[in-house]
Amino acid sequence: MPTQTVALPLAKNHVRTANATRISRTSRGSRAARQSHYRELDQLAGGDAVMQDLIERGKRLIDRGIPILILGETGTGKEFLSRALHAYSERRQANWIAVNCASIPESLAESELFGYCKGAFSGALPGGMKGKVQQADGGTLFLDEIGDMPFSLQTRLLRVLSEREVIPLGAAHPVSVDVQLICATHQDLKTLIGEGRFREDLYYRIAGGVLRLPSLRDRADRRALIMQMIADELALDAEEAGDETIAPAALGAMLAYRWPGNLRQMHAVIRYCCAVMNDGRIEMHDLPEELMQFQAVEFDQLVGHASNVRRIVPQAVASESPSRLSGNPLRDERARVIDALVGSRWNISAASRQLGMCRASLYRKLRQLDIPHVRDQAMPAYAA
Ligand SMILES: Nc1ncnc2c1ncn2[C@@H]1O[C@H](COP(=O)(O)OP(=O)(O)OP(=O)(O)O)[C@@H](O)[C@H]1O
């Protein structure tokens, strides 16, 4: 067994256990708790049929101790799913141990994963150290970014999985381990295998069951997710949050946006919006720049292409209630006009109908309220 590693192991706080992190819904008002908030397995499905099916398969696999490989773009919730599966499983009383294979320096990887004995190398902790695999004994080992695991380590991992035992650095005898394995990656492992960067035999060992998380733009329950995240951020119950917390135009922009960073990005955007909003309601001008820029591009594409409008504007948005009043008549009117314009994707006829005025009056109103037409904006100026 190779024992050439001589560097110090990673600090103890690199170990994240499920026991140290809340699994269930957090209580109202605790910001620190909310930030490390993990949902139960059934709550992850939301109202999306693909997710519901995936969760049901996940339950069956974990019940049978089958190694699970979670695939999905960055930020789709692979780690969340892994924690929730562990919390659902019979192993929930034991540790959930995460290892990010992309972030451990190769020189430390062996000692980090497999541990070492007293005096294994100079600079080692006096009492030796249990590796992550042993720490997960009886529980779940989550190998995140498995596609980035160095090839040499893949060989050792394969042995651990086949023999169900580890040999810490410097140890004379193997130690038995019993772990539920969950791996995750955003990479295409089949391609890595083709390129000789990932062991095919390891792939079949870790991919007992494959769960592919959908990207956020493919999820049918985006609206419910947005409302839930707002509720979480404001520490409200989902029903309490309701539609009162977000203007129809802002909701429409979030529904239409492509979310390349998936749930992680959406969570960050909602945290931002909730921090900057006034009067407990997210308005269009509270959205961060990337969503505004996206809107500007979309509108530019839409001008003169009325047939696209139906496809991009969610129907529910158009019929929602107008913005909450601020008490400043000019500001309220400006917000109402902007809501109508954005809600109708700058279709002037539709917006004027909604506002109860003729097209000419609406054009006059735009000039009066200093709202430039979207055609004339590099980026929409929504500040009301
Ligand atoms: N079900 C969920 N409900 C609310 N927020 C979620 C959910 N799943 C994920 N998130 C948010 O997205 C963030 C990223 O989730 P997670 O780390 O599980 O994604 P990932 O797919 O593992 O990402 P990466 O591939 O980049 O490691 C979380 O920190 C959380 O803010």
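The numbering scheme is per chain: residues are counted from 1 as the chain's sequence reads. pLDDT decides what is reported in this predicted model: residues at 70 or higher carry local features, side-chain atom pairs at 80 or more are listed and counted, and totals for whole chains, interfaces and linings draw on all residues regardless. With hydrogens and water excluded, all non-hydrogen atoms of the structure serve as input to the side-chain values.

(A) Here's a closer look at the sheet that holds strand β9 (residues 209-212). With parallel pairing, the five strands of this open sheet are ordered in space as β2-β5-β8-β1-β9. Of all strands in the sheet, those bounded by a partner on one side alone are β2 (96-100) and β9. For this sheet, the mean angle separating the axes of adjacent strands, direction not counted, is 20°. As judged from the four bridges shared by strand β5 (residues 140-144) and strand β8 (residues 180-185), these two strands associate in the parallel manner. Paired with Phe142 across the strands is Ile182, a residue of β8. The sheet strands contacting helix α3 (residues 49-63) are β1 (68-71), β8 and β9, and the helix crosses β9 at an angle near 155°. In this fold helix α4 (residues 78-88) packs onto β1, β2, β5, β8 and β9, with an angle of close to 150° to the strand it touches most, β1. Being paired, for any two strands, means DSSP has found at least two bridges between them. By definition, any uninterrupted DSSP run of H or I lasting at least four residues is a helix, any uninterrupted run of E lasting at least two residues is a strand, and each is numbered from the N terminus. Axis definition: a line fitted to C-alpha atoms, over the contacting stretch in the case of helices. Angles run 0 to 180 degrees between N-to-C directions. Residues are treated as being in contact if the distance between any of their heavy atoms lies within 4.5 Å.

(B) Summary view of the pattern of salt bridges. We define a salt bridge as a side-chain nitrogen of Lys or Arg found within 4 Å of a carboxyl oxygen belonging to Asp or Glu. This model, assessed by the stated rule, comprises 15 salt bridges. The partner of Arg57 in a salt bridge is Asp53, and the shortest N-O contact between them spans 3.8 Å. Remark: Asp53 and Arg57 occur in helix α3; sequence separation between them is four residues, near one turn of the helix.

(C) Spatial organisation of the site of the ligand. Residues are labelled near a given molecule or strand when at least one of their non-hydrogen atoms is within 4 Å of it. If you check the shell around the ligand, you find 16 residues, and the closest are Thr74, Lys78, Phe80, Arg264 and His267. Here an oxygen atom of the ligand sits 3.2 Å away from a polar atom, N or O, in the main chain of Thr76. Elements that contribute at least two residues to the shell around the ligand include exactly α4 and α13 (262-276). Under the grouping applied here, Gly and all other residues not named as nonpolar or charged are polar, the nonpolar ones being Ala, Val, Leu, Ile, Met, Phe, Trp, Tyr, Cys and Pro and the charged ones Asp, Glu, Lys and Arg. Split into classes, the residues belonging to the shell around the ligand amount to four nonpolar, five polar and seven charged. Here the limits of each domain have been adopted from an automatic or database domain assignment. Each of two domains, domain 1 (12-214) and domain 2 (217-376), supplies a minimum of three residues to the shell around the ligand. Under the rule applied, a polar contact is a pair of N or O atoms within 3.5 Å (in protein, one hydrogen donor and one hydrogen acceptor; residues adjacent in sequence only if both atoms are side-chain atoms).

(D) Geometry of the pairing of β5. Counting buried positions over the five residues of β5 gives five, a clear majority of the element. Categorising residues by exposure relies on relative accessible area from a 1.4 Å probe, with only protein chains included: less than 20% of the type maximum marks a residue as buried, more than 50% marks it as exposed, and the intermediate range marks it as partly exposed. Of the two faces of β5, the one holding Thr140, Phe142 and Asp144 and the one holding Leu141 and Leu143 are both buried throughout. Note: β2 against β5, five bridges, orientation parallel. Within β5, the residue paired with Ala98 across the bridge is Phe142.

(E) View of the side chain of Asp48. Mapped onto the elements of the fold, Asp48 is located in the loop between α2 (41-44) and α3. Positive residues here are Lys and Arg, negative ones are Asp and Glu, while His and the chain termini are left out of the count. The charged side chain of Asp48 is buried without a salt bridge, its nearest counter-charge being Arg219 at 4.8 Å. One polar contact links the side chain of Asp48 to the main-chain amide nitrogen of Val50, over a distance of 3.2 Å. In this structure the side chain of Asp48 is engaged in a polar contact, spanning 2.7 Å, whose partner is the backbone nitrogen of Ala220. Not counting chain neighbours up to four residues away, the residues in contact with Asp48 comprise Pro214, Asp218, Arg219, Ala220 and Asp221.

(F) Representation of the environment of Ala207 in the model. Within the secondary structure layout, Ala207 lies in the loop between α9 (200-206) and β9. Spatially, the C-alpha atoms of Ala207 and Ile70 are 8.6 Å apart, while their sequence positions differ by 137 residues. With near-sequence residues (within four places) excluded, Ala207 lies in contact with Pro67 and Leu69.

(G) Spotlight on the nonpolar core. Residues belong to one nonpolar core when they are buried, are Ala, Val, Leu, Ile, Met, Phe, Trp, Tyr or Cys, and are joined through side-chain atoms within 4.5 Å. Ranked by size, the top nonpolar core spans 42 residues in total, and within it Met254, Ile282, Leu287 and Leu341 carry the most contacts. Elements with a minimum of two residues in this core: α10 (222-233), α12 (248-256), α13, α14 (289-302), α17 (329-343), α18 (348-355) and α19 (359-368). Of the residues forming this core, the biggest block, seven residues, is contributed by α12. When near neighbours in sequence (up to four residues on either side) are disregarded, Leu341 contacts Trp346, Ile348, Ala351, Leu362, Leu366 and Ile371. Of all hydrophobic cores here, the second largest spans 34 residues; its members include Ala109, Leu158, Val177 and Ala207.

(H) Up close: the packing of aromatic side chains. By convention, a stacked pair of Phe, Tyr or Trp rings (six-membered ring in the case of Trp) has centres within 6.5 Å and planes under 30 degrees apart, an edge-to-face pair has planes over 60 apart, and any other such pair is tilted. In total, this model carries three aromatic pairs according to the counting rule given. With centroids separated by 5.7 Å and ring planes inclined at 20°, the aromatic side chains of Trp96 and Phe142 adopt a geometry described as stacked. Here Trp96, found in strand β2, pairs with Phe142, found in strand β5; they are 46 residues apart in sequence, far enough to count as distant. Like Phe142, Trp96 is buried. Relative to Trp259, the ring of Tyr257 lies with its centre 4.7 Å away and its plane at 90°, an arrangement referred to as edge-to-face. Comparing Tyr257 with Trp259, the two get one shared label, buried.

(I) Just the packing of α3 against α4, in detail. Packing of α3 against α4 leaves a shortest axis separation of 10 Å and a crossing angle of 50°. When the axes of α3 and α4 are compared, the pair comes out oblique. Here α3 and α4 pass one another in a crossing that is right-handed. Of the residues in α4, those touching α3 at Leu54, Ile55, Gly58, Lys59, Ile62 and Asp63 are Leu81, Leu85 and Tyr88. Tallied by class, residues from the contact of α3 with α4 come to six nonpolar, one polar and two charged. Any angle that falls under 35 degrees is termed roughly parallel, while one over 145 is termed roughly antiparallel, one within 65 to 115 roughly perpendicular, and all others oblique. Crossing handedness is defined as follows: a turn of the near helix away from the far one that is anticlockwise and smaller than a right angle gives a left-handed crossing, while the clockwise case is right-handed.

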